[in-house]
Structures are given as structure tokens and as C-alpha cells.
Amino acid sequence: MKQYPPYLDLQPVMSVQGTVRLPGSKSISNRTLLLAALAEGETLIKDLLASDDTLVMLNALQKLGVHWEQQGSSQDYLVKGCAAAFPQHHADLFMGNAGTAIRPLVAALAVLGGDYTIHGVPRMHERPIGDLVDALNHAGAQIAYTGQAGYPPLHIQRGHIHAQRLQVKGNVSSQFLTALLMAAPLMAKTYDVRIEVLGELISKPYIEITLNLMQRFGVTVEREGWQAFVIRKGQRYVSPGVIHVEGDASSASYFLAAGAIAGGPVRVEGVGRDSIQGDIRFAEALEKMGAVITRGENWIEARSGGVLQAIDMDFNHIPDAAMTIAVAALYANGTTTLRNIASWRVKETDRLSAMATELRKLGAQVEEGADYMTVTPPAQIQSASIATYDDHRMAMCFSLASLDGKARRGAAMRILEPHCVAKTFPDYFQVFAQIHHEELF
């Protein structure tokens, strides 16, 4: 894994072209690790993402007594399932800033019982978890806050799950529902479990990933639209034997946007037209902006179709990839409006505020609302030092502002604390350099 300097200077790039093999999906990787740990039998997970967030989950599972083995120097891992009973009933678990790890693990531990403390980096202690804890405690779990109410760190003790009906709010993070869904078969030994969503459910494609992976491990969930989910009694997780992790569709967004902005073609491999990840719909947003998109079974390609055009679009379904559109808007004619992105505020940083601040440094006019943002590009993108807020997506997004587009030229970008990309894509800047055929270091 590359060691980054305190800052990285990116010079303006005239054109991009090439093929990128994507790292594994973070969402799929951490869900699959937990399901494999809870399942009966051994699971060979192929192409697991190598990142800080997956390392957090691997370390937590190891502390819980789950045995796993990396296969040589590959990203293939053999996980020995514990059949819904973690061997270690006492553990202190550090979860970094990995929402995909902490939320589902909290639910599983609360149902299975034991004595666990769960904590993370300071920013994790600012990310809400109260809706999930409330749903579990109302069902008979025993979870206490050891810091600020509604946020980690947490102390989980042995409770007595008895509820056949759980309710959870859907408007803050879809990971709360994912956590309950993944833990539900652990509850549904002698009775059906029904999970009801209160209010609007955001980030629905991530729930699709959860349901798809649960089914691969032998558990079927019955749906009533997006408002209720039923897990019939007696189902249990059983290893599928071998499971492949798709390339990360969120990471694909930066390279597809690069192709749309600066000529291309740029092809990403590891995701295709039949991906289970909702973020492949990012390509549809680029198409609306005028890019030319081609799709194959295991690849997607983007190239410029002329000057990009501003769009007004609801991004509730792809909030992570939507950040890339906010930077692509610098190259579009007109004002781009991103709607229904309130969830940005409770991610690795307050992304609405952070994006607005950094885009303004480049000369853009930005209007920041409670759940929307508008971006009007400058006549010329300005050079700037970009603060990354220890947020991997901030660093990756703003690398794109160094590209020369059809409407305006890119500028030199200084990316501060570039090492934050290790959360999901440790080699991002090396791969980014490859598509414009320059050495980064």
C-alpha cells in the first residue's frame, strides 16, 4: 500500500484514456464478511476489498473468535463460519470510521448477546446510531451509550430479544435497516420477524445489496414495497461456498466522470450492466449530462460527447456517487442541482458543507440547502488547496478538477492529507495517474 506525503500536487491534465480494474466493493465486502462469519460452513470470499474499512471488520471478527485466512498474497479470504454463535462473548472492538462495519455488527452482537464495547475514531462518535439502538432496545436488547446519547461508543450486554415486530426510521441511514435485516434471521428461530420502516427510506439500492447477499447465504426476505420486510422463522445462514465481490461502483464514478470530462474513453472493469450495486446508476446521470456511456457484462465505459450540460436530479438513490456529479458540474453549461442529499451530513464528514466550501475555492457559485446543493461553474476553474476532512471521497472527487474539459480547463490542485483514500481505495491516485499516463511520485 502506497505511503502518501502530507499533500499531493496534481497538475492540469489535457486528456484521459485507459482501462481501470476496480477494487472490490466496500458495501459488498463488509456485508459478506459478516454473513460468512454468521453462516454454517466455510466461505471463500474472492476479491475482497483491501482497505481500512475491511481491515476494521476483519480485526473485529478475529477478536470475536471467527477464524479467517488470507489466501497467500491475494485478496481471497477463507472465513470459517460460527453458525450464529460468536466464540468470544467478551470483546473490545475498535471500528474506525466504518459505518458498513459498525451498524450491522452492533445488531448481530445485540441479538446474540455477550459483553461488548464498541468504539471508533472521533468522527464515528459524531455519526448517529440512535435509530438502530432504539429499534433493538425496544425489541429487548440491552445497549447503553457510554458517551453522548444517540452516538457511539456503545456497551452491549446480554438482552432478551422477544419482539416479532421491529420499527426503524428510514430517513437518516439505510445502514440501520441493513443491520436489522442481517440480524433478523438470528432472532427468527421460533417466530417470524417483521421489520417496518418509518417514513421515507433513503439509499434504497443499498438495501437491494443487503437482500441479494442474504439470499446468497440462504435467507429469503419477503417485501411489502419499501415499508415492511418479513423474515420467516427457521431460516439460517448457510455458506454458498464461494462468493465473488464485485468491483466498487462508487469508486467507478471518478473514472467514468474523468472520461466524460476529458475525452476518454475510460473503461472500468469489475462492474457491468447487471451489477447488484445501485451506484452504477451514476452512469445514467453522466448520460443526462451528455456523456457517451457503453455497458458490457463486466465493464462500463465513458467518453465525452461534447460539452457537458447541467442537470437537476434527485440523488437519494446514489448519495455517495452524487458527490462526483458536484465536481463534474464545474465542466457543465448552466447550474446543476443535486436534490435529496441530506444524508451527506452524517457521512465521514458533513459532506454538504465540505463540498460547498471546497467548490467555492475553485470559483464556483454554490448554494447549500438542508438537503440540496446547486453548483454554477466559474468561467475558469481556480487552483486551490483542497481540504479533505479525513474523507476519502473528498480527496478522490477533487482530483477531477485538474482535468481539461470541453468547456473549461482544469487547474493545479493540491490535495491535503491524500492518505484518507485508504478507507476504500488505497492506490487511487496511482490509478488516476495511469489514465493520463503520468508518474505521480
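Here the structure is shown first, and the text comes after it.
The model shown is predicted, which means the values in this text are computed figures rather than measured ones.

S.K.: Describe the pattern of salt bridges, and please don't skip the residues or the numbers.
M.R.: Summed over all chains, the structure comprises 28 salt bridges. Glu40 is the salt-bridge partner of Arg236, the closest N and O atoms lying 2.6 Å from each other. Residue Arg236 is found in the loop between β13 (228-231) and β14 (242-244), and its partner Glu40 is found in the loop between α1 (26-38) and β3 (42-46); the two are separated by 196 residues along the sequence. We note a salt bridge from Arg123 to Glu126, for which the minimum N-O separation is 3.2 Å. What you see here is one network of salt bridges that share partners, running through Lys26, Asp53, Asp320, Lys347, Glu348, Arg351, Asp391, Arg393 and Lys423.

S.K.: Account for the sheet that holds strand β22 (residues 365-368), naming residues and giving values.
M.R.: With mixed pairing, the 4 strands of this open sheet are ordered in space as β19-β21-β23-β22. Single-partner strands in this sheet number two, and they are β19 (312-314) and β22. With direction set aside, neighbouring strand axes in the sheet form an average angle of 10°. Where helix α9 (residues 319-328) meets the sheet, its contacts fall on β21 (336-339) and β23 (372-376), and the angle it forms with β21 comes to roughly 165°. Contacting β22 and β23, helix α10 (residues 351-361) runs over the sheet at an angle of about 165° to β22.

S.K.: An account of the side chain of Ser203 is requested, with residue identities and associated values reported.
M.R.: Mapped onto the elements, Ser203 comes out in the loop between β11 (193-198) and α6 (204-216). Among all residues touching Ser203, those that are not within four sequence positions of it are Ser174, Asn316, His317 and Pro319.

S.K.: Quick rundown of the packing of helix α11 (residues 392-399) against helix α12 (residues 428-435)? Include the residues and the values.
M.R.: The interhelical angle for the contact between α11 and α12, taken along N-to-C directions, is 15°, at an axis separation of 11 Å. As judged from the angle between their axes, α11 and α12 are roughly parallel. Where α11 crosses over α12, the two elements pack in a sense that is right-handed. Residue-level inspection shows Ala395, Met396 and Ser399 of α11 in contact with α12, the latter providing Tyr428, Phe429 and Phe432.

S.K.: Give me the lowdown on the pairing of β21, citing residues and values where you can.
M.R.: It is a general feature of regular strands that their side chains alternate between the two faces of the sheet. Note: β19 against β21, 3 bridges, orientation parallel. Bridge assignment links Met313 to a residue of β21, and that residue is Leu338. Across 4 bridges, β21 lies against β23 in antiparallel orientation. The residue of β23 that forms the bridge with Thr336 is Val375.

S.K.: For the packing of aromatic side chains, give the residues involved together with the corresponding values.
M.R.: All told, the structure shown has 8 aromatic pairs when counted by the stated rule. Taking 5.1 Å as the distance between ring centres and 75° as the angle between the ring planes, the aromatic pair formed by Tyr428 and Phe429 counts as edge-to-face. Each member of the pair, Tyr428 as well as Phe429, is classed as buried. A centroid spacing of 5.8 Å and a plane angle of 15° characterise the contact between Tyr428 and Phe432, whose relative ring orientation is stacked. Of this pair, Tyr428 and Phe432 both sit in helix α12, separated by 4 residues, roughly a single helical turn. Here the two residues Tyr428 and Phe432 agree in accessibility, since each one is buried. Its end group placed over the ring of Trp299, Arg267 keeps NZ or CZ at 3.6 Å from the ring centre.

S.K.: Outline the sheet that holds β11, supporting the account with residue identities and numerical values.
M.R.: Strand order in this open sheet of 4 strands is β10-β11-β13-β12, and the pairing throughout is mixed. Of all strands in the sheet, those with a lone pairing partner are β10 (165-169) and β12 (221-224), marking the two edges. The average undirected angle you get between the axes of adjacent strands in this sheet is 20°. Both β12 and β13 contribute to a ladder of 4 bridges, which runs antiparallel. Across the sheet, the residue bridging to Glu222 is Val230, located in β13. Packing of helix α5 (residues 174-187) onto the sheet brings it into contact with β10, β11, β12 and β13, and relative to β11 it is tilted by some 170°.

Thresholds, definitions, all that
Residues numbered from 1 in each chain as written. Predicted model: local features only at pLDDT ≥ 70, side-chain atom pairs only at ≥ 80, totals over all residues. Heavy atoms only, no water. Salt bridge = Lys/Arg side-chain N within 4 Å of Asp/Glu carboxyl O. Helix = DSSP H or I, 4+ residues; strand = E, 2+ residues; numbered from the N terminus. Pairing = 2+ DSSP bridges. Axes fitted to C-alpha atoms, helices over the stretch in contact; angles between N-to-C directions. Contact = heavy atoms within 4.5 Å. Parallel < 35°, antiparallel > 145°, perpendicular 65-115°, else oblique. Left-handed = near helix turned anticlockwise from the far one by under 90°. Phe/Tyr/Trp six-rings, centres within 6.5 Å; stacked < 30°, edge-to-face > 60°. Buried < 20%, exposed > 50% of the residue type's maximum accessible area, 1.4 Å probe, protein only. Lys NZ or Arg CZ within 6 Å of the ring centre and 35° of its normal.

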